[in-house]
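The lines below spell out each chain.
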Amino acid sequence: MLTVHHLNNSRSQRVLWLLEELGCEYQLVKYQRDPLTLLAPPELKRIHPLGKSPVVTDGAHALAESGAIIEYLIDRYGNGRLRPPAGTAERLRYSYWLHYAEGSAMPPLLLKLVFLRLPRPPVPALIRPIVRAVAARAQRTFIDPQLRAHAGFWETELAKSTWFAGEELTGADVQMSFPLEAAAARAGFALGPKVTQFLERIHARPAYQRALAAGGEFRLAC
Ligand SMILES: N[C@@H](CCC(=O)N[C@@H](CS)C(=O)NCC(=O)O)C(=O)O
């Protein structure tokens, strides 16, 4: 049986969305983040040594990394859906976005999250103003310009076609949904109209809504 090891408020939400789009049956095992550290509970390390979510088990396989999971699920259960045909320009774009989402888009978004949280307790109140100033400078000089460059890139690309890899929804859109959701939640500036419409379009999909109902609360914590 296909099992999704789902951490609340996490990237595994997009795996649920993909499975709902594919109409696959799956079993859901839920894990809760530590409310203070936001880390996954140690039980997840029994499924995969890094203890990160998503992890999917299917028969003898335990798969980690959302991009690899999406590729596996589309290979195994897609029957030609949600992936452009091999040898097409759309397939190259599909492959690019599948890797880009975690390899290039998420690092500055994660840095943004870390620097936004840095001045909070348990940092002692006395040094919080200094930490706040350092964190603000890191965001202003390094992180925010990168985020603006990425968001501008998404906007230009989504002006070329409805979805990231062309005119059809693919696994690349599922993978890209997470950085776009994260940017909407924390970038600190308004995203462009094409990116905003992309998010509205995915939120309106019945499969996306079924995935939300299955996964429960989805406030981005990573
Ligand atoms: N690049 C990995 C990232 C996995 C990851 O960092 N997952 C986060 C949730 S969004 C996690 O498990 N965090 C809890 C922890 O690090 O303990 C992927 O795309 O699957």
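Further up the page is the structure itself.
Here the structure is a predicted model, which is why all the values come from computation and not from measurement. (Residues numbered from 1 in each chain as written. Predicted model: local features only at pLDDT ≥ 70, side-chain atom pairs only at ≥ 80, totals over all residues. Heavy atoms only, no water.)

Participant: Describe in detail the site of the ligand, supporting the description with residues and values.
Facilitator: Near the ligand you find 14 residues, and of these Ala40, Lys52, Ser53, Ser66 and Cys222 are the closest. Considered on its own, the ligand offers 510 Å² of accessible surface; in the complex 87% of this is hidden by protein. The residue makeup of the shell around the ligand, split by class, is five nonpolar, three polar and six charged. (Near = heavy atom within 4 Å. Areas by Shrake-Rupley, 256 points an atom, 1.4 Å probe, with all protein chains shown as cover. Nonpolar A, V, L, I, M, F, W, Y, C, P; charged D, E, K, R; others polar.)

Participant: A description of the pattern of salt bridges should follow, citing residues and the corresponding values.
Facilitator: Where charged atoms of side chains with opposite charge meet at close range, the side chains can pair. Following the criterion strictly, the structure yields eight salt bridges and no others. Here Arg11 and Glu102 are joined by a salt bridge, their closest N and O atoms 2.9 Å apart. Taken together, the positions of Arg11 in the loop between strand 1 (3-7) and helix 1 (12-22) and Glu102 in helix 3 (residues 89-117) put the pair 91 residues apart, joining distant regions of the chain. Here Arg11 and Glu102 have matching classes, each one buried. Residue Glu20 is joined to Arg210 by a salt bridge in which the shortest nitrogen-to-oxygen separation is 2.9 Å. Of the two residues, Glu20 sits in helix 1 while Arg210 sits in helix 7 (residues 206-215), which places them 190 residues apart along the sequence. When salt bridges with common partners are traced through the structure, they connect Arg11, Arg14 and Glu102 into a single cluster. (Salt bridge = Lys/Arg side-chain N within 4 Å of Asp/Glu carboxyl O. Helix = DSSP H or I, 4+ residues; strand = E, 2+ residues; numbered from the N terminus. Buried < 20%, exposed > 50% of the residue type's maximum accessible area, 1.4 Å probe, protein only.)

Participant: Please set out the pairing of strand 1 residue by residue, giving values where relevant.
Facilitator: Most of strand 1 is tucked away, with five of its five residues classed as buried. Of the two faces of strand 1, both are covered, the one formed by Thr3, His5 and Leu7 as well as the one formed by Val4 and His6. Judged from the five bridges that link them, strand 1 and strand 2 (residues 27-31) form a sheet pairing that is parallel. Opposite His6, over in strand 2, you have Lys30 as the bridge partner. In terms of strand pairing, strand 1 meets strand 3 (residues 55-58) through three bridges, oriented antiparallel. From the neighbouring strand, Thr3 faces strand 3, where its bridge partner is Thr57. (Pairing = 2+ DSSP bridges.)

Participant: Account for the environment of Gln146, with residues named and values stated.
Facilitator: Relative to the helices and strands, Gln146 is located in helix 4 (residues 128-160). Put simply, Gln146 and Pro107 are 39 residues apart on the chain and 10.0 Å apart in space, counted from C-alpha to C-alpha.

Participant: Lay out unusual backbone geometry with the relevant residues and their values.
Facilitator: Going from Ser53 to Pro54, the amide bond is cis rather than trans, its omega being 10°. With respect to the element layout, Pro54 can be found in the loop between strand 2 and strand 3. For Asn9, which is not glycine, the phi dihedral falls at a positive 50°. Its place among the elements puts Asn9 in the loop between strand 1 and helix 1. A relative accessible area of 5% places Asn9 in the buried class. The residue Leu82 is not glycine, and still its phi comes out positive at about 60°. Structurally, Leu82 can be placed in the loop between helix 2 (66-77) and helix 3.

Participant: Quick rundown of the packing of helix 3 against helix 4? Include the residues and the values.
Facilitator: Between helix 3 and helix 4, whose axes approach to 9 Å, the crossing angle comes to 155°. As summarised for this structure, helix 3 and helix 4 are arranged roughly antiparallel, according to the angle between their axes. In this structure, the crossing between helix 3 and helix 4 has a hand that is left-handed. Contacts from Arg93, Tyr96, Trp97, Tyr100, Ser104, Ala105, Pro108, Leu109, Leu111, Lys112, Phe115 and Leu116 in helix 3 reach Ala135, Ala138, Gln139, Phe142, Ile143, Asp144, Gln146, Leu147, His150, Phe153, Trp154 and Glu157 in helix 4. (Axes fitted to C-alpha atoms, helices over the stretch in contact; angles between N-to-C directions. Parallel < 35°, antiparallel > 145°, perpendicular 65-115°, else oblique. Left-handed = near helix turned anticlockwise from the far one by under 90°. Contact = heavy atoms within 4.5 Å.)

Participant: Could you give an account of the packing of helix 3 against helix 5 (residues 171-186), naming the residues involved and the relevant values?
Facilitator: The interhelical angle for the contact between helix 3 and helix 5, taken along N-to-C directions, is 20°, at an axis separation of 9 Å. Taken as axis vectors, helix 3 and helix 5 run roughly parallel relative to one another. For helix 3 against helix 5, the interelement crossing comes out left-handed.

Participant: Quick rundown of a nonpolar patch on the surface? Include the residues and the values.
Facilitator: Taken together, the side chains of Leu126, Ile127, Ile130 and Val134 present a nonpolar region at the surface, about 440 Å² in accessible area. Tracing the backbone through its elements, the reader meets Ile127 in the loop between helix 3 and helix 4. (Patch = residues over 30% accessible without salt bridge, like charges linked within 9 Å, V, L, I, M, F, W, Y side chains within 5 Å.)

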